[in-house]
Every structure is written in C-alpha cells, then in structure tokens.
Amino acid sequence: MTPQQPLAVGLIGAGRMGSFHAESLAHRIPGTRLAAVADPVPGAAQRLADRLDCPKAYTDIAAFLADPEIDAVVIVTPARTHADLIEAAARAGKAVYCEKPMAVTLAEADRAVAAAREAGVALQVGFNRRYDAGFRAAHDKVASGAIGTPQLLRSLTRDPKLVDPAPIPPWTIFLETLIHDFDALRFLNPGAAPVEVFAMADALVRPDFKDRGLLDTAVVTIRFDNGAMATAEANFQAVYGYDVRGEVFGSAGMLTVGELRRTHLTSYGPAGATAECVTYDQDLFHDAYVAELADFATSVRTGKTPAVTGEDARAALSIALAAIRSVTKGGPVRIDEVEEVDARD
C-alpha cells in the first residue's frame, strides 16, 4: 500500500453489525475500501459483497486471511470466536480491528495481545463510547481537572427489547453488554485502576429462562485505586428505548452524558409532554461507530498506537470476570485475585 492507495480492509462477519461496518468501509470513510467480505454461513458474504459492490466474498476464513490484497481485517463475529481470529489475522500480517469483547478469558486475551505485538500489527477493540462526542468531552473535562477528583461514577446500558433469550450464552450481560460500561468507567476515571468488584444479577425480564443460565439484569459496584466508587448497571429490556448514560461526580462538580431522545423535539398535548426515543444502537452511536473505524484506518496508515488497545480490552474483561466470580461467590472480589473464569461454559 502506497500513501496514494486506499487502505484495503477485509471484514469477517456479515451480520447486523458487520453490515454496518462494511457500509462504513465502503462509503463513509475516506481513504479506505472494502476489499473482501468473509462469513462461513453459505451465501452471507456474497449477498453483502454484492450489495456494496465489493469484489470478493469468502466462506473460507483461512483463504480470506491469506489474500495478499487485504491490508487490515475487521472482525464482527460471535464473541467466543474473537481471540482465535485475532491471532490468525495477526499471524497473516493483517492489522486488526475487533468488536468487543476481544476475548472471554484472560488467557485468550493475553494470546491475542501477544500475537499482535509479535506480528507488529495494530490491534484495536470496538469500545465505541470513547468515540461518542459526549463521552469524549466528559473524559477530557475529567482529565483536565474541571470537576476535581472523581468520587462517584455511574454507567448504564438498557437494551430496548429482549426478543428471544434462548440463544444468549451464559454471562452475556457481563461479557458483551456491561463490558462497554466497564470500559466507559475506566475512560471516565482516567489514570485510575479498578481494584475490587461486587456484582448482583438475576433474570427479572424473563425469569422463566433463569434455569437455562440467563441473567438479564445486573448491578456492579467497582472501587478504583484513586478511591472513586462506581456503579454499572444493565437490563435487556427498556420498553421506552435504547438507554445509555454516564455520570461522574467529583470534588468540584459533576458531569452527565447520554441522550435518549431522538431529537430535541418535545410534543405537548392532552397526554402530557412526550419525546421520541432512540431504539437502536446504530442510531444512537452512528457517528461513533464510523469514527472508531476511521481512527483504526489512520492508525494502520500512520503506525500510531490505536486509541483503544488490546490492553484496554483486557482490563475491561478483568472487571467482567471479577463480576462473574462475584455473582457465583456472593461477595466482593478483588481484581488481582481473579482466577481464570471459563465463560465459554
């Protein structure tokens, strides 16, 4: 690739989020092109490639990774496949962007980070809230000392609807939902490290699936080494919309971030005041999703370290695993005492 050539990016995973990222690579990010799509499901990659005028589609992931025309890889596959795909892509000499979580065990995370480091390729993980204008502004204000010393933090994720609980793997609420909040709390408390976790979780939306391992509601408290205390909460069914917010209370003020309303319009009528709410993650974080891939492309071209590294992903995972251990133990767990939790079971 010369400076004049667009960055050739291949994408693995032609599902809902993969399709959005593919569209961004094809149409929204200057200096990149969607070079290939891969998906082991017969026909899935070809359908997406055809829709976006992408020249190549693969069902064989090994053949995809061996393609010399691909400079970088975007991984948007089920969570429990991420670490192995990162390793394989790094060994093939491809820079890697991977959706969260990077891995579901610490051993997998360490292997993924080591593979990218040994290959000398960029590894970025998809914690999109860091690229949201509001969350970024809050981080910058905390880092500048604008609200003094952080003392209390809060982050929440409430998904709009739990359609079918059956395919949801155990511990998903920590590994795939709250993992965003764990990273957001680290981002909003810059320079501090989590030291202790206490978590509670239950199946309150669909209690009939609890005996199958479903946990759809959770609250996690985290103590940081700078003394700050944080709360992360999640629920799989907010009937009013997709609700993502954050808060930092400090010794000299407070910051809140997150907007549920689709627009600033409020309607007033016989039923009272109403506002239309966002119900879809790709609407709420549209610009952030595009910005994180654009930043990844810049990192690959320039050699700069990605803004969200494999080490960041490992740190968020360590909180998630401590939360899992806390639920099973029924008490607080120190981060440095977390043993390997096999969340694939």
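Enquirer: Got a sec to walk through the overall build of the protein? Specific residues and values, please.
Expert: In terms of regular secondary structure, the protein is built from 10 helices and 15 strands. The C-alpha radius of gyration of the protein comes to 20 Å, within 12% of the 20 Å expected for a compact globule of 345 residues. Overall size of the protein, expressed as C-alpha extent along the three principal axes, is 55 × 50 × 50 Å. By the burial criterion, 53% of the 345 residues in the protein qualify as buried. Counting contacts in the protein only where the partners sit at least 6 residues apart, residues at least 24 apart contribute 70% of the total. With the model as given, the accessible surface of the protein reaches about 14900 Å², and the carbon-plus-sulfur share is 53%. Between the mean site of the 34 positive side-chain charges and the mean site of the 45 negative ones, the protein shows a separation of 2 Å.

Enquirer: Please give an account of the sheet that holds strand S9 (residues 217–224) that cites residues and values.
Expert: One open sheet accounts for seven strands, arranged S12-S11-S7-S10-S9-S8-S15; its pairing is mixed. Looking at strand neighbours, the two that pair on one side only are strand S12 (253–257) and strand S15 (333–334), the edges of this open sheet. By the bridge criterion, two bridges tie strand S8 (residues 194–202) to S15 in an arrangement that is antiparallel. Note that in S15 the partner of Glu-196 across the bridge is Arg-334. Set on the sheet, helix H10 (residues 310–329) makes contact with S8, S9 and S15; between it and S8 the angle comes to about 55°.

Enquirer: Quick one: what's the story with helix H7 (residues 172–187), residue by residue and with numbers?
Expert: Its 16 residues give H7 an end-to-end C-alpha distance of 22 Å, which sits within 8% of 22 Å, the value for a rise of 1.5 Å per residue. Its maximal kink placed at Leu-178, H7 deviates by approximately 60°. Taking burial as the measure, the 16 residues of H7 include 15 buried ones, the bulk of the element.

Enquirer: Please provide a residue-by-residue account of the layout of surface pockets, values included.
Expert: In this model, the largest pocket occupies a volume close to 1300 Å³. Lining the largest pocket are 40 residues, and of these Arg-16, Lys-100, Asp-159, Glu-176 and Asp-281 lie nearest its centre. Among the elements of the structure, helix H1 (16–28) and H7 are those that each provide at least two residues to the lining of the largest pocket. Sorting elements by how many residues they give to the lining of the largest pocket places H7 first, with four residues. Counted by class, the lining of the largest pocket contains 17 nonpolar, 12 polar and 11 charged residues. Here the second largest pocket is characterised by a volume of approximately 270 Å³. Contributing to the lining of the second largest pocket are 17 residues, with Val-121, Ala-122, Leu-123, Thr-305 and Pro-306 lying nearest its centre. Within the residue set of the lining of the second largest pocket, elements represented by two or more residues are helix H5 (106–119), helix H9 (286–302) and H10. For the lining of the second largest pocket, the element with the most residues is H5, which contributes three residues.

Enquirer: Tell me what's going on with the nonpolar core, and back it up with residues and numbers.
Expert: The nonpolar side chains of soluble globular proteins are, as a tendency, buried together. Within the largest apolar cluster, 113 residues are counted, with the highest numbers of intra-cluster contacts made by Phe-174, Phe-182 and Val-220. Among all residues touching Val-220, those that are not within four sequence positions of it are Phe-174, Leu-178, Phe-182, Val-197, Phe-198, Ala-199, Ala-230, Thr-231, Ala-232 and Ala-323.

Enquirer: Provide a residue-level description of the pattern of salt bridges, including the pertinent values.
Expert: Pairing is possible between side chains of opposite charge, provided their charged atoms come close. Taken as a whole and assessed by the stated rule, the structure comprises 26 salt bridges. The salt bridge involving Glu-23 is made with Arg-51; its shortest N-O contact spans 2.9 Å. In this pair, Glu-23 sits in helix H1 while Arg-51 sits in helix H2 (residues 44–51), placing the two residues 28 residues apart along the sequence. Ionic contacts of the salt-bridge type, sharing partners, join the residues Arg-154, Arg-158, Glu-233, Asp-243 and Arg-245 into one network.

Enquirer: Break down the pairing of S12 for me, with residues and values.
Expert: Where strand S11 (residues 243–250) meets S12, five bridges bridge the pair, whose relative direction is antiparallel. The residue bridging Gly-246 from the neighbouring strand is Val-257, located in S12. Between the end of S11 and the start of S12, which pair antiparallel, lie two residues.

Enquirer: Summarise the sheet that holds strand S3 (residues 57–58); cite the residues concerned and give the values.
Expert: Taken in spatial order, the six strands line up as S3-S2-S1-S4-S5-S6 in an open sheet, and their pairing is parallel. If you trace the sheet from one side to the other, it starts and ends with S3 and strand S6 (123–126), each paired once. Across four bridges, strand S5 (residues 95–99) lies against S6 in parallel orientation. Bridge assignment links Glu-99 to a residue of S6, and that residue is Gly-126. Of the strands in this sheet, strand S1 (7–12), strand S4 (72–75), S5 and S6 are in contact with helix H4 (residues 82–91), which crosses S5 at around 170°.

Parameters and conventions
Residues numbered from 1 in each chain as written. Predicted model: local features only at pLDDT ≥ 70, side-chain atom pairs only at ≥ 80, totals over all residues. Heavy atoms only, no water. Helix = DSSP H or I, 4+ residues; strand = E, 2+ residues; numbered from the N terminus. Rg over C-alpha atoms; globule rule 2.2 N^0.38 Å. Buried < 20%, exposed > 50% of the residue type's maximum accessible area, 1.4 Å probe, protein only. Contact = heavy atoms within 4.5 Å. Areas by Shrake-Rupley, 256 points an atom, 1.4 Å probe, with all protein chains shown as cover. Lys, Arg positive; Asp, Glu negative; His and termini not counted. Charge placed at Lys NZ, Arg CZ, Asp CG, Glu CD. Pairing = 2+ DSSP bridges. Axes fitted to C-alpha atoms, helices over the stretch in contact; angles between N-to-C directions. Expected span 1.5 Å × (residues − 1). Bend = angle between axes of the 7 residues up to and from the residue. 1 Å grid on protein atoms, 1.4 Å probe; cavity = no way out; pocket = protein on both sides within 12 Å on 5 of 7 lines; lining within 4 Å. Points joined across faces, edges and corners; volume = space filled by probe spheres on them. Nonpolar A, V, L, I, M, F, W, Y, C, P; charged D, E, K, R; others polar. Core = buried A, V, L, I, M, F, W, Y, C linked by side-chain atoms within 4.5 Å. Salt bridge = Lys/Arg side-chain N within 4 Å of Asp/Glu carboxyl O.

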